[in-house]
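Each chain, letter by letter, is given below.
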Amino acid sequence: MSSDALAQDTLPPAGPHPLGPPEGDLADLLVVGRRRIGQWVAATVVLVALALAANSVARNGAFQWDVVGDYFTSASVLRGLWLTLWLTGAVMALGFALGTLLALGRLSSNPVLRSVSWGYVWFFRSMPILVQLLFWFNIGALYPTLFGVKTVDLLGPVTIAVIGLTLHEAAYAAEVVRGGILSVDRGQIEAAQSLGLGPWRRLWRIVLPQAMRSIVPPAGNMLIGTLKGTSIVSVIAVQDLLYSVQLVYHRTYQVIPLLLVATLWYVVVTSLLSVGQYYVERYYARGSEQVR
């Protein structure tokens with residue numbers, strides 16, 4: 001007997017398999033979803049806890065919400081808010097400009113530029129920002145005059161805040177930009193070289209546009225962190241948002257409602273920046289599967 005005939009003799013008889021699906025249209029079968037009782041219980045507990053917390057905050061008279069409403073748009077608070085926003089924008093612009101130069105230095109084939117850039121990043125990431133601000137605030141003890149002008153007249157509190165925060169942010173921005181540049185495929189750079197593009201044109205036309213996809217998310221986080229981090233300049237008497245509310249509650253002793261004023265403004269501005277970051281990320285993520 002041939003192998004084909006033997007195989008046919010061993011085949012099961014035609015007809016429905018005893019373990020197969022029941023007779024009838026599969027579309028008529030009832031699909032029962034998986035019951036996630038634990039998740040629903042946890043969600044209910046979380047919602048109840050949030051409701052109790054919101055009710056406690058809203059009904060607790062110690063928060064003095066009427067005082068919060070009175071000072072939320074007061075002139076002194078708005079002036080402090082404007083200075084906070086201006087300081088954040090200036091520090092981010094200057095920090096990323098300097099950070100980009102440092103990143104290019106770290107990626108340079110020149111050992112001097114590479115070493116100096118690495119040393120800058122290492123030094124300023126090692127020093128706490130508060131120490132930097134206090135050091136610059138007392139720089140007059142080391143250099144009483146600069147360029148023939150008294151240091152106390154040349155470096156005011158706002159200027160010192162810009163210098164200290166910029167030097168600090170540049171060290172972190174350098175690593176963000178360097179990581180973004182390294183994320184660009186080497187083949188893109190080689191293709192640009194084969195077209196005869198110079199180093200700067202390759203950087204601005206090929207590398208940076210693609211690197212922005214990796215740079216924007218951490219840069220957005222740095223922007224929000226810088227916004228909140230500017231509150232530390234209040235220790236050197238810069239009248240930012242926090243210092244402005246401190247001046248008020250030192251006079252009125254209404255500490256909690258004035259701190260709530262500052263907190264609410266930080267939440268509002270941070271939320272707007274987060275929305276802006278979302279759309280910027282979508283813009284630079286065009287053409288990729290990461291668009292959400």
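Residues numbered from 1 in each chain as written. Predicted model: local features only at pLDDT ≥ 70, side-chain atom pairs only at ≥ 80, totals over all residues. Heavy atoms only, no water.

## A look at the side chain of Ser 117
Heads up, the rule is: Runs of E in the DSSP output that reach at least two residues are strands. Runs of H or I that reach at least four are helices, and both are numbered from the N terminus. Buried means the residue's accessible area, taken with a 1.4 Å probe over protein chains only, is under 20% of the maximum for its type, while exposed means over 50%, and partly exposed covers the values in between. Contacts are residue-level and defined by heavy atoms, with any inter-residue pair within 4.5 Å sufficient.
Of note, Ser 117 is situated in helix 5 (residues 111–126). According to the relative accessible area criterion, Ser 117 is buried, its value standing at 6%. Excluding residues that lie within four positions of it along the chain, Ser 117 makes contacts with Leu 102, Gly 105 and Arg 106.

## Concerning the side chain of Thr 226
Heads up, the rule is: Any N or O atom pair separated by 3.5 Å or less is treated as a polar contact, with the protein-specific requirement of one donor-capable and one acceptor-capable atom, and with residues adjacent in sequence counted only for side-chain atom pairs.
Position of Thr 226 among the secondary structure elements: in helix 10 (residues 199–229). The class of Thr 226 is buried, set by a relative accessible area of 4%. A polar contact is formed between the side chain of Thr 226 and the backbone oxygen of Met 222, at a distance of 2.7 Å. Those residues in contact with Thr 226, other than ones at most four positions away along the chain, are Thr 88, Val 91, Met 92 and Glu 169.

## Regarding helix 12 (residues 255–284)
Quick reminder of the rule: Expected helix span is given by 1.5 Å per residue-to-residue step, counting one fewer step than there are residues.
Here helix 12 contains 30 residues, and its C-alpha end-to-end distance of 43 Å stays within 8% of the 44 Å for a straight helix at 1.5 Å per residue. Residues of helix 12 that are buried: Pro 257, Leu 258, Leu 260, Val 261, Ala 262, Trp 265, Tyr 266, Val 269, Thr 270 and Gln 277.

## Topic: the UniProt feature "transmembrane region" (unreviewed entry) in the protein
The cut-off we apply is this: UniProt positions are given in the numbering used here, feature names are shortened, and annotations may be inferred rather than shown by experiment.
UniProt's entry tags residues 40–58, 81–104, 116–137, 222–243 and 255–280 with the feature "transmembrane region" (unreviewed entry), counted in the numbering of this structure. Strand forms 0% of residues 81–104 and helix 100%; the C-alpha atoms that close the span are 34 Å apart. Here residues 116–137 runs as 91% helix and 0% strand, with 25 Å between its end C-alpha atoms.

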